[in-house]
Amino acid sequence: MNHAVLRAQFPALNQILNDYPLCYLDTAATSQKPQMVIDSISHYYQFDNANVHRAAHQLSARATSQYEQVRHKLSQFINAQRHEEIIFTQGTTHAINTVAYGLTHQLKVGDIILIDSAAHHANIVPWQQLAQRTGAIIKSIPLNGQCRIDLEQYQALIAQKPKVVALNHVSNVLGTVNPVIELIAMAKAVGALTLIDGAQAIAHLPVDVQQLGCDFYVFSGHKMYGPTGIGVLWGDYAALDQLIPLLTGGEMIKQVSFNHTSFNQLPNRLEAGTPAIAEVIGLGSAIDFLNQQDRATCLQHEQQLINYLQQQLQAITGIELYGAHADNIGAVAFNLQGEHHQDIGILLDQQGVAIRCGHHCAMPLIESLQIKGCCRASLGIYSNQQDIDIFINALKDVIELLG
Ligand SMILES: Cc1ncc(COP(=O)(O)O)c(C=O)c1O
């Protein structure tokens, strides 16, 4: 498809801010939504709104059928073995909390939980809470000078037989891609449970959970052109089935009395309460949108843009890039020497350029880079070279203003 036609499907991109056209480079925080996703949510509320799984009436049957179809769609999208392995959550954070809480009975004092040093807080804090409940120990996997996982040190940590290994697929700050197949295989060889945070990968890379070989893979709808408030926990059926439910009540039960409750089968067992029905339907539409694209061509387009962005930034005196590699995905992290990252963001915003500045919910990574924070420009399927040129020119103006 012609890229201009693809981009035109995202209405929010077509707006003026302070007399400047919006230049949206914050897709890693949340992506914009194509019209078909917006329409599907609105259609559900206009015509099909009912609770799922509960009533005998037709509206409920329609809502339930659409809701469950998305589970099947997702299972094909990531090549899950069974659709019951798709658990709807509020997002990546909720998905990781579901796993970390669910493993409480499986860990004991002294067990090791290994965490990627570049992990998002969502892939750190739930494990810390699990460690506090069980007496397990958190160890972080160091990065090398190129901001990639240090494979020798990883091997040494794996030799200590961790119980859980939690990794990024793609770093939300740097855009670096972990060699997940290799890392998962090493962890599985010592019997560790593996969780991959795919929040920054799913919209860009093809994901095949059977090929990856992990136990859990998690992501958010809003970073893959779908709505907020919905995400996915995929798990191997047996691994999911052993999780203690984080939330209880509603349809997650089989039988309830005041003395005892038995839980339902997967996926219901891990989906307590009325789910985010409209958001699930919107996510289904986002999958349709992605399936309509030639994903390999889109990935190539995004990679060319990232490389162009890296080169343009590198050519500016005083700009420092972090972990910039040719095979990065989606994001570029940088600072301007002598200036606060927040000032850069605010001044760029005055010219309609949206980037993110701060610690990006990855404080341990920011600390290891010995900085207080940084700017991040991030791209999506709709980004084009003009976005980058506008951003670079605005950044040059900002540098002149500050200089
Ligand atoms: C790598 C990564 N993990 C987890 C999250 C948390 O996602 P959510 O806020 O949708 O739960 C994010 C969000 O930025 C992320 O980039």
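In this text, all values refer to a predicted model and were calculated from it rather than measured experimentally.

Conventions and cut-offs
- Residues numbered from 1 in each chain as written.
- Predicted model: local features only at pLDDT ≥ 70, side-chain atom pairs only at ≥ 80, totals over all residues.
- Heavy atoms only, no water.
- Buried < 20%, exposed > 50% of the residue type's maximum accessible area, 1.4 Å probe, protein only.
- Helix = DSSP H or I, 4+ residues; strand = E, 2+ residues; numbered from the N terminus.
- Pairing = 2+ DSSP bridges.
- Right-handed = clockwise from strand over helix to strand, strands pointing away.
- Core = buried A, V, L, I, M, F, W, Y, C linked by side-chain atoms within 4.5 Å.
- Contact = heavy atoms within 4.5 Å.
- Phe/Tyr/Trp six-rings, centres within 6.5 Å; stacked < 30°, edge-to-face > 60°.
- Lys NZ or Arg CZ within 6 Å of the ring centre and 35° of its normal.
- Patch = residues over 30% accessible without salt bridge, like charges linked within 9 Å, V, L, I, M, F, W, Y side chains within 5 Å.
- Areas by Shrake-Rupley, 256 points an atom, 1.4 Å probe, with all protein chains shown as cover.
- Salt bridge = Lys/Arg side-chain N within 4 Å of Asp/Glu carboxyl O.
- Near = heavy atom within 4 Å.
- Polar contact = N/O pair within 3.5 Å; in protein donor to acceptor, adjacent residues only side chain to side chain.
- Nonpolar A, V, L, I, M, F, W, Y, C, P; charged D, E, K, R; others polar.
- Axes fitted to C-alpha atoms, helices over the stretch in contact; angles between N-to-C directions.
- Domains from an automatic or database assignment.
- Buried area = accessible area lost by both parts, 1.4 Å probe.

**Digging into the pairing of strand E8 (residues 193–197)**
- Counted residue by residue, E8 has five buried out of five residues, so it is predominantly covered.
- The side-chain alternation of E8 yields two buried faces, one formed by Leu193, Leu195 and Asp197 and the other by Thr194 and Ile196.
- Bridge analysis of strand E7 (residues 164–168) against E8 gives five bridges, and the strand direction is parallel. Counted as the bridge partner of Val165 is Thr194 from E8.
- Crossover E7 to E8 through helix H7 (residues 180–189) is right-handed.

**A look at the nonpolar core**
- In terms of nonpolar packing, the biggest core is built from 65 residues, with Leu74, Ile78, Tyr154, Tyr217, Met224 and Ile381 touching the most fellow members.
- When residues in this core are grouped by element, the largest group, nine residues, is from helix H10 (residues 277–292).
- Contacts of Met224, omitting those with residues within four sequence positions, involve Ser31, Phe77, Ile202, Ala203, Phe219, Leu283, Ala286, Ile287 and Leu290.

**Description of the packing of aromatic side chains**
- This structure, assessed with the given rule, holds nine aromatic pairs.
- A connected cluster of aromatic rings, assembled from ring pairs, spans Phe10, Tyr225, Phe289 and Tyr382.
- The ring of Tyr237 has Arg82 sitting right over it, with the charged end atom 3.9 Å from the ring centre.

**Looking at a nonpolar patch on the surface**
- A cluster of nonpolar side chains, namely Tyr101, Ile244, Leu246 and Leu247, defines an oily patch on the protein surface of about 290 Å² accessible area.
- With respect to the element layout, Leu247 can be found in the loop between helix H9 (237–241) and strand E11 (253–256).

**Some points on the site of the ligand**
- Near the ligand, the surroundings consist of Gly91, Thr92, Thr93, His120, Ala122, Asn172, Asp197, Ala199, Gln200, Ser220, His222 and Lys223.
- The separation between an oxygen atom of the ligand and a polar side-chain atom of Gln200 is 2.7 Å.
- In this structure, Lys223 approaches the ligand through a side-chain N or O atom, which is 2.6 Å from an oxygen atom.
- When the free accessible area of the ligand is taken as 390 Å², the share hidden by the protein chains comes to 87%.
- Looking at the shell around the ligand residue by residue, the class counts come to two nonpolar, eight polar and two charged.

**Side note on the sheet that holds strand E4 (residues 86–89)**
- Spatial ordering of the open sheet is given by E4-E10-E9-E8-E7-E5-E6, a layout of seven strands whose pairing is mixed. Only two strands of the sheet have a single neighbouring strand rather than two, namely E4 and strand E6 (137–141). When the angles between neighbouring strand axes are averaged without regard to direction, this sheet yields 20°.

**Overview of the domain arrangement of the protein**
- When its domains are assigned, the protein resolves into domain 1 (3–25 + 294–402) and domain 2 (38–291).
- Taking only C-alpha atoms into account, the centre of domain 1 sits 28 Å from that of domain 2.
- At the junction of the two partners, domain 1 supplies 32 residues and domain 2 supplies 29 residues.
- Carbon and sulfur atoms make up 62% of the surface buried where domain 1 meets domain 2, a total of about 2400 Å² over both sides.
- Its largest share of buried area at the contact with domain 2, domain 1 owes to Arg295, Ile329 and Leu365, together 29% of the area lost on that side.
- Linking domain 1 with domain 2 are one salt bridge, by the criterion used here.

**Examining the environment of His121**
- Relative to the helices and strands, His121 resides in the loop between strand E5 (112–116) and helix H5 (125–134).
- Along the sequence, His121 and His360 sit 239 residues apart, while their C-alpha atoms lie 9.0 Å from each other.
- Apart from residues lying up to four places away in sequence, His121 is in contact with Pro126, His359, Cys361, Ala362, Met363 and Pro364.

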